[in-house]
Amino acid sequence: MAVKIIGTGSALPKKVVSNEEMAGLVETSDQWIRERTGIGSRHISTGETVVSLAVEACEKALAHGDRKASEVQLILVATCTPEKGIPCAACQVQGLLGAAEAVAFDLNAACAGFLFALHTAHAYIEAGIYDNALVVGSEVLSKVVDWTDRGTCVLFGDGAGAVLLERSGQPGILGFVQHSDGTKGGVLQCDGRKLENPFVSLPVGNPFLSMDGREVFAFALRQVPACIWEALSQAKLSPEDVDLYVLHQANRRIIEGIAGRMNLEAARFPMNLERTGNMSSASIPVLLDELVREGRLQEGMTLVLSGFGAGLTYGACVLKWQR
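Keep in mind that what you see is a predicted model, and the values were worked out from it rather than measured.

Looking at the packing of helix H7 (residues 213-235) against helix H8 (residues 252-261)
In step 1: Running from N to C, H7 and H8 point in directions that differ by 35°, and their axes come no closer than 9 Å. Classified by chirality, the crossing of H8 by H7 is right-handed. From H7, Phe217, Ala220, Leu221, Arg222, Val224 and Pro225 reach across to H8, where they touch Arg253, Ile254, Gly257, Ile258 and Arg261.
In step 2: Of the residues assigned to the contact of H7 with H8, the class counts are seven nonpolar, one polar and three charged.

Description of the side chain of Ser283
In step 1: With respect to the helices and strands, the residue Ser283 is situated in helix H10 (residues 283-293).
In step 2: Of the residues examined, Ser283 reaches a relative accessible area of 0% and is grouped as buried.
In step 3: Setting aside its immediate chain neighbours within four residues, Ser283 contacts His248 and Gln249.

Observations regarding the packing of helix H3 (residues 50-64) against helix H4 (residues 89-97)
In step 1: It is at 9 Å that the axes of H3 and H4 come closest, and there the two elements cross at 50°. In terms of axis orientation, H3 runs oblique to H4. Every pair of crossing elements has a handedness; the one defined by H3 and H4 is right-handed. For the pair H3 and H4, the contacting residues are Val50, Val51, Ala54, Val55, Cys58 and Glu59 in the first and Ala89, Gln92, Val93, Leu96 and Leu97 in the second.

Description of the pattern of salt bridges
In step 1: Scanning the entire structure with this criterion turns up 13 salt bridges.
In step 2: A salt bridge links Arg252 to Glu256, with the nearest nitrogen and oxygen atoms 3.8 Å apart. Taken together, the residues Arg252 and Glu256, both in helix H8 and four residues apart, mark about one turn of the helix.
In step 3: A single network of salt bridges, built from pairs that share partners, joins Asp30, Arg34 and Glu274.

Section: the pairing of strand S14 (residues 302-309)
In step 1: With eight of eight residues buried, S14 lies mostly within the body of the structure.
In step 2: Because side chains alternate across S14, one face comprises the buried residues Thr302, Val304, Ser306 and Phe308, and the other comprises Leu303, Leu305, Gly307 and Gly309, equally buried.
In step 3: Note that strand S13 (residues 244-247) and S14 share four bridges and pair parallel. Pairing of Tyr245 across the sheet is with Val304, part of S14.
In step 4: The sheet contact formed by S14 and strand S15 (residues 313-320) spans eight bridges and is antiparallel. Note that in S15 the partner of Leu305 across the bridge is Cys317.
In step 5: Hairpin connection of S14 to S15: three residues between the antiparallel strands, including Gly311 at a positive phi of 145°.

Some words on the sheet that holds S15
Backbone-to-backbone hydrogen bonds pair the strands of a sheet. The strands run either parallel or antiparallel.
In step 1: Pairing within the open sheet is mixed, and its four strands lie in the order S8-S15-S14-S13. Whereas interior strands pair on both sides, the edge strands pair on one side only; in this sheet they are strand S8 (173-180) and S13. Strand-to-strand, the axes of this sheet are offset by a mean angle of 10°, without reference to chain direction.

As for the packing of aromatic side chains
In step 1: Taken as a whole, this structure holds four aromatic pairs when the rule is applied.
In step 2: Relative to Tyr130, the ring of Tyr124 has its centre 5.4 Å away and its plane inclined at 45°; by these criteria the two rings are tilted.
In step 3: By relative accessible area, Tyr124 is classed as partly exposed at 26%.
In step 4: The exposure class of Tyr130 is buried, given its relative accessible area of 17%.
In step 5: Centre to centre, the rings of Phe219 and Tyr314 are 5.5 Å apart; their planes meet at 75°, and the pair counts as edge-to-face. Within this pair, whereas Phe219 is found in helix H7, its partner Tyr314 is found in strand S15, the two being separated by 95 residues in sequence. Accessibility classification places Phe219 together with Tyr314 in one group, the buried group.
In step 6: Among the aromatic residues, those joined into a ring-pair cluster are Phe105, Tyr124 and Tyr130.

With respect to the environment of His43
In step 1: One can find His43 in strand S3 (residues 41-43).
In step 2: Separated by 69 residues in sequence, His43 and Ala112 have C-alpha atoms that sit 20 Å apart.
In step 3: Here Pro13 takes part through its backbone oxygen, which lies 2.7 Å from a polar atom of the side chain of His43.

What about the sheet that holds strand S4 (residues 74-78)?
In step 1: Strand order across the open sheet formed by five strands is S1-S7-S6-S4-S5, with mixed pairing between neighbours. With partners counted over all chains shown, the strands left at the sheet margins are strand S1 (2-11) and strand S5 (103-107), one partner each. Neighbour-to-neighbour, the strand axes of this sheet turn through a mean angle of 20°, independent of strand direction.
In step 2: The pairing of S4 with S5 spans five bridges and is parallel. Counterpart to Leu74 in the pairing with S5 is Val103.
In step 3: Relative to the sheet, H3 contacts S1, strand S6 (132-139) and strand S7 (159-168), its axis offset from that of S1 by approximately 125°.
In step 4: Sitting on the sheet, helix H5 (residues 113-126) is in contact with S1, S4, S5, S6 and S7, with an inclination near 170° to S6.

What counts, and at which threshold
Residue indices follow the written sequence of each chain, beginning from 1 at its first position. pLDDT decides what is reported in this predicted model: residues at 70 or higher carry local features, side-chain atom pairs at 80 or more are listed and counted, and totals for whole chains, interfaces and linings draw on all residues regardless. Just so you know, side-chain values use all the structure's heavy atoms and leave hydrogens and water out. Here an axis means a line fitted to C-alpha atoms, over the contact stretch when the element is a helix, while the angle between two N-to-C directions is reported on a 0 to 180 degree scale. The way it works is that DSSP assigns letters per residue, a run of H or I at least four long becomes a helix, a run of E at least two long becomes a strand, and they are numbered from the N terminus. Each crossing gets its handedness from the near helix: less than a right angle anticlockwise from the far helix is left-handed, clockwise is right-handed. Contacts: residue pairs with any heavy atoms within 4.5 Å of one another. For this classification, the nonpolar set comprises Ala, Val, Leu, Ile, Met, Phe, Trp, Tyr, Cys and Pro, the charged set comprises Asp, Glu, Lys and Arg, and every other residue, Gly included, is treated as polar. Summary of the burial criterion: residues with accessible area below 20% of their type's maximum are buried, those above 50% are exposed, and those between are partly exposed, where the area comes from a 1.4 Å probe applied to protein chains only. Working rule for angles: under 35 degrees goes down as roughly parallel, over 145 as roughly antiparallel, 65 to 115 as roughly perpendicular, anything else as oblique. One side-chain nitrogen of Lys or Arg within 4 Å of one carboxyl oxygen of Asp or Glu is enough to make a salt bridge. By this definition, two strands are paired if DSSP reports at least two bridges between them. Only centres within 6.5 Å qualify two rings of Phe, Tyr or Trp (six-membered ring in Trp) as a pair; their planes then separate them into stacked at under 30 degrees, edge-to-face at over 60, and tilted for everything else. Residues adjacent in sequence count toward polar contacts only when both atoms are side-chain atoms; beyond that, a polar contact is any pair of N or O atoms within 3.5 Å, and within protein one must be able to donate a hydrogen and the other to accept it.

Here it is as structure tokens:
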């Protein structure tokens, strides 16, 4: 049973923060940030939420796919920065969209979250349980960033991207893999609420995101090419058969390093991180939507999507672009 993407959408906060503005907050410069990350600016929430951004992205994906919210059967929101513990963001999105018939739940696999949610929706549709699904990656990372730490605060941005999946008679998703390595989880983490009740009060952890950048860099260069090869093997394709590689937008050096390890030209690896920064689970679907809106995706093109991040989690998906 084939599953394909029939609609895409994205939403970004209105406020854009340049590297020059970041230099007014921490000891840094536009040159320092660009040389190490490729980032020039990022969108930062001044009131937009994980839910409001997700709703806007979903509405655009529905309009692009020419479907109504009442037709949606499954909503998955990938996020690691929800406003509420309960209800989940997906249920809030369902209510605001008016998708009364949809089952809704969240999934947290950090920067690989959208990819993991995409694979989950694919499994539901292939199993015949649902005919369609809205899959969203939505983050407001600015609320978990330590704005005094120049090593992390310059990296992240807020935003949401969504795709509408549907059962199809045409080839769509051709292969996918996903992996986790919990033994390395400490290199990228953010603590939650502390344990405090009438019987115990434990010390507060670090409520802000912390990262060992070198370890994350090495992990991405090692594991991402490997999992892309694995997914391509499932699809019986070679790296040269792929038109575009839509990767998690973490760092320009990482993406260019992955291209180099796969002996591919950097032109096959589109990037928007210069304008958006690292949006965690939102980065892949936002970039995908931009490519659609710019007319860069043509019928029959072969794409690879790949995400990697905290957990540690990573994966890849091969798909034939059909609409």
